[in-house]
Amino acid sequence: MVGGNAAGMSAAAVARRRDPSLDVLVLERGVHASYSSCGIPYLVGGTVGGADRLIARSPEDLRRAGIDVRTGCEVTRIDLRGRTLTYRDGGARTERREGFDELVYATGAVAIAPPVPGAESVEAVRTLDAAERLVARLTRARGRTAVVIGAGYLGLEMAEALASRGLEVALVDRERQVMSSLDADMAGHVQAAAEGAGIRVMLGVDVREIAGGPDGGPRVVRTTADDLHADHVVVSTGARPATELAAAAGLELGRTGGLRVDDHQRCAGHEGVYAAGDCAESRHRLLPHPVNVQLGTHANKQGRVAGTNATGGDVAFPGVIGTAISRICRHEVARTGLSETEAAAVDLPVVAATIEDSTRARYYPGAGPIWVKVVAHAETGRLLGGQIVGVEGAAKRIDVLATAVWTGMSAGELELIDLGYAPPFAGVYDPLLIAARQAAHRVRAPAPRTAPRRTRD
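Quick caveat, the model's predicted, so the values are computed rather than measured.

Visitor: Any details on the overall build of the protein chain? Residues and values, ideally.
Guide: The secondary structure content of the protein chain amounts to 12 helices and 21 strands. Rg of the C-alpha trace for the protein chain: 24 Å, near the compact-globule value of 23 Å for 457 residues, within the 12% margin. The principal-axis extent of the C-alpha atoms belonging to the protein chain is close to 95 × 60 × 40 Å. When the accessible surface of the protein chain is totalled, it reaches about 21900 Å², and 49% of it is carbon and sulfur. Here the protein chain holds 53 positive side-chain charges and 54 negative ones, and the gap between their average locations is 2 Å.

Visitor: Explain the sheet that holds strand β8 (residues 145-149) to me, using residue names and the numbers behind them.
Guide: Strand pairing in a sheet takes place through backbone hydrogen bonds and is either antiparallel or parallel in direction. Spatial ordering of the open sheet is given by β10-β9-β8-β14, a layout of 4 strands whose pairing is parallel. The open sheet is flanked by β10 (200-203) and β14 (232-235), the only strands paired with a single partner. For this sheet the average axis-to-axis angle between neighbouring strands, irrespective of direction, equals 15°. Sheet topology note: the β8/β14 ladder contains 4 bridges and is parallel. Along β14, the bridge assignment pairs Ala146 with His232. Here helix α5 (residues 153-164) sits on the sheet in contact with β8, β9 (168-173) and β14, set at roughly 165° to β9.

Visitor: Just give me the short version of the environment of Met158, but keep the residues and values in it.
Guide: Inspection of the secondary structure assignment puts Met158 in helix α5. Along the primary structure Met158 and Val374 are separated by 216 residues, whereas in three dimensions their C-alpha atoms are 28 Å apart. Apart from residues lying up to four places away in sequence, Met158 is in contact with Pro41, Val44, Val125, Leu134, Val148 and Val234.

Visitor: Describe the packing of aromatic side chains, naming the residues involved and giving the relevant values.
Guide: The tally for this structure, following the rule as stated, stands at 0 aromatic pairs. The ring of Trp406 is capped by Arg285, whose NZ or CZ atom sits 3.8 Å from the centre of that ring. Its end group placed over the ring of Tyr429, Arg437 keeps NZ or CZ at 5.0 Å from the ring centre.

Visitor: Describe helix α6 (residues 184-196), with residues and values.
Guide: Between the first and last C-alpha of α6 there are 18 Å, a value that for 13 residues agrees with the 18 Å anticipated at 1.5 Å per step. By the burial criterion, the buried members of α6 are Met186, Ala187, Val190, Ala193 and Ala194. Buried residues along α6 cover an arc of 110° about the axis, so they all sit on one side. Just past α6, the residue Gly198 takes up positive phi, approximately 90°.

Visitor: Give me the side chain of Arg397: which residues, what numbers.
Guide: Counting through the fold element by element, Arg397 comes out in the loop between β21 (383-390) and α10 (398-407). Of the residues examined, Arg397 reaches a relative accessible area of 9% and is grouped as buried. At a separation of 2.9 Å, a polar atom in the side chain of Arg397 contacts the side chain of Asp430. The contacts of Arg397, once residues within four sequence positions are left out, are Thr359, Ile370, Ile388, Phe425, Ala426, Asp430, Pro431 and Leu432.

Visitor: Help me get a handle on the sheet that holds β21, residues and values and all.
Guide: The 5 strands are arranged β17-β18-β21-β20-β19 in an open sheet whose pairing can be described as antiparallel. This sheet does not close on itself; its edge strands, each paired only once, are β17 (324-328) and β19 (350-358). On average, adjacent strands in this sheet sit at an angle of 10° to one another, irrespective of strand direction. Here α10 sits on the sheet and contacts β18 (331-337), β20 (369-377) and β21; the angle it forms with β21, its principal contact strand, is near 175°.

Visitor: With reference to specific residues and values, describe the pairing of β18.
Guide: Regular strands have side chains that alternate between both faces of the sheet. Among the 7 residues of β18, 7 are classified as buried, and the element is accordingly described as predominantly covered. As paired strands, β17 and β18 are joined by 5 bridges and run antiparallel to one another. Each bridged residue has a counterpart across the sheet, and for Ala324 the counterpart in β18 is Arg335. Here β17 folds back onto β18, and the loop between the two strands holds 2 residues, one of which, Cys329, carries a positive phi near 55°. Inspection of the sheet shows β18 paired to β21 by 6 bridges, in the antiparallel sense. Within β21, the position partnered with Thr336 by the bridge is Gly386.

Visitor: Could you give an account of the nonpolar core, naming the residues involved and the relevant values?
Guide: With 41 residues, the main nonpolar core has Val44, Leu156, Leu162, Val169, Val178, Val190 and Ile199 as its most contacted residues. Broken down by secondary-structure element, the contributors of at least two residues to this core are α2 (40-45), α4 (128-140), β8, α5, β9, α6 and β10. In this structure, Val293, Leu338, Ala352 and Ala402 belong to the second largest nonpolar core, which totals 40 residues.

Visitor: So what about the pairing of strand β12 (residues 219-223)? Which residues, and what values?
Guide: Summarising burial for β12: 4 of the 5 residues are buried, a large majority. In this structure, strand β11 (residues 207-211) lies alongside β12, joined through 4 bridges in antiparallel fashion. Bridged to Ile210 within β12 is Val221. Judged from the 4 bridges that link them, β12 and strand β13 (residues 227-230) form a sheet pairing that is antiparallel. Paired with Arg222 across the strands is Asp227, a residue of β13. Counting the residues in the hairpin turn of β12 and β13 gives 3 residues.

Visitor: Pulling in residues and values, what's your account of helix α1 (residues 6-18)?
Guide: The first and last C-alpha atoms of α1 sit 18 Å apart over 13 residues, in line with the 18 Å expected at 1.5 Å per residue. Within α1 the residues assigned to the buried category are Ala7, Gly8, Met9, Ser10, Ala11, Ala12, Val14 and Ala15. Buried residues belonging to α1 abut β1 (24-28), α3 (59-64), β2 (67-71), β6 (103-105) and α8 (296-310).

Visitor: Could you give me a rundown of unusual backbone geometry, with the residues and numbers involved?
Guide: Of note in this structure, Arg83 is not a glycine but carries a positive phi near 55°. Among the secondary structure elements, Arg83 is positioned in the loop between β3 (73-79) and β4 (84-89). In this structure, Cys329 takes a positive phi of about 55° despite not being glycine. Note on placement: Cys329 falls in the loop between β17 and β18. Looking at Cys329, the relative accessible area reads 10%, which means it is buried.

Basis of the calculations
Residues numbered from 1 in each chain as written. Predicted model: local features only at pLDDT ≥ 70, side-chain atom pairs only at ≥ 80, totals over all residues. Heavy atoms only, no water. Helix = DSSP H or I, 4+ residues; strand = E, 2+ residues; numbered from the N terminus. Rg over C-alpha atoms; globule rule 2.2 N^0.38 Å. Areas by Shrake-Rupley, 256 points an atom, 1.4 Å probe, with all protein chains shown as cover. Lys, Arg positive; Asp, Glu negative; His and termini not counted. Charge placed at Lys NZ, Arg CZ, Asp CG, Glu CD. Pairing = 2+ DSSP bridges. Axes fitted to C-alpha atoms, helices over the stretch in contact; angles between N-to-C directions. Contact = heavy atoms within 4.5 Å. Phe/Tyr/Trp six-rings, centres within 6.5 Å; stacked < 30°, edge-to-face > 60°. Lys NZ or Arg CZ within 6 Å of the ring centre and 35° of its normal. Expected span 1.5 Å × (residues − 1). Buried < 20%, exposed > 50% of the residue type's maximum accessible area, 1.4 Å probe, protein only. Arc of directions from axis to C-beta. Polar contact = N/O pair within 3.5 Å; in protein donor to acceptor, adjacent residues only side chain to side chain. Core = buried A, V, L, I, M, F, W, Y, C linked by side-chain atoms within 4.5 Å.

Next comes the structure, spelled out in structure tokens:
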């Protein structure tokens with residue numbers, strides 16, 4: 001396995017479990033393997049007390065389980081014909097070669113730095129060791145101000161983490177809304193939550209330069225709107241599949257830049273070679289083209305599929321619909337399937353309904369606002385996606401909607417589905433059902449059938 005986090009370790013674990021006689025080798029270039037990347041913002045913000053809390057299994061634990069995990073080892077070349085790979089052992093500062101019968105490529109994704117002077121001096125906080133270094137800097141030189149570049153879900157989470165440490169935080173993005181995976185009307189609620197937590201949100205603003213700070217001192221982030229003085233800078237402007245090594249070996253890349261794989265995670269045209277996780281493409285169950293969705297949920301499942309099939313199994317990965325969930329300041333945020341924007345990009349005719357309701361019965365203590373948006377096919381009523389923003393208790397409703405989208409239910413069917421009810425959890429009509437009912441009403445009614453004109457005998 002090239003890569004030792006979600007996909008690589010899932011593949012290794014299932015392969016070893018299926019055949020204990022195998023020699024299973026995992027090469028990971030980072031300091032840590034088998035950890036939760038999703039927990040990094042909570043480590044930075046202090047909610048999680050220590051990097052060790054994010055580690056699922058240490059290299060020592062994995063070795064005791066029969067998996068040879070080597071951290072600090074970067075693969076530099078893969079010879080698919082000769083079935084060997086070359087890697088650099090950072091500790092020994094030497095290059096070594098290993099042979100393989102089956103290969104799982106699971107290198108994840110690498111950060112995309114903004115194309116501005118000084119960006120190379122800022123480390124993206126995408127790995128556990130990078131997060132540890134940021135926490136050390138925050139502890140050593142507390143500072144007063146921070147700038148986060150990029151207002152996607154990770155940028156928002158990092159902005160909240162820094163604000164929770166008492167820093168004055170500015171969040172900058174060239175787009176006109178936060179969280180481009182949401183439609184603009186739903187993203188507005190997320191922006192309001194961030195601003196309510198004291199974060200200065202600057203949208204439609206380009207970064208021109210990240211200046212100063214080579215000695216670890218304060219920087220200046222120059223933008224088209226203002227010069228922002230920052231004791232700490234975090235870049236979160238997206239990531240691309242880490243596929244340079246694979247491409248050099250002759251593996252085929254798809255339209256997204258990820259590795260082309262079939263539903264068994266097999267790399268196109270190469271027997272015994274698999275790819276899984278953020279570096280690979282996935283079939284989208286609602287779109288006519290593959291996607292690259294970088295989520296730990298998919299990485300773990302694809303790794304299991306790859307590890308199973310690499311050891312003689314026959315398991316297919318069924319695809320994705322882009323279900324994701326997060327918490328941004330006081331709001332929970334979730335989405336699944338297609339947004340209106342994504343549907344329009346592939347010319348799908350849709351209707352949408354957005355409602356505001358309460359997470360619990362309105363009279364019950366702790367009730368708060370929830371916004372639910374449902375997207376359905378304009379002619380058939382089939383559910384295509386939805387988004388949820390609200391206070392605690394809102395977002396996990398997305399799992400019901402994801403199940404409905406996955407199975408092809410219509411908005412009308414979801415409206416009448418038998419969900420649980422009690423005042424501490426929802427009103428008698430759950431907000432999801434109310435949104436589905438409104439979407440069903442907007443589906444185009446079929447043209448009335450005209451009775452054939454009767455003629456006289």
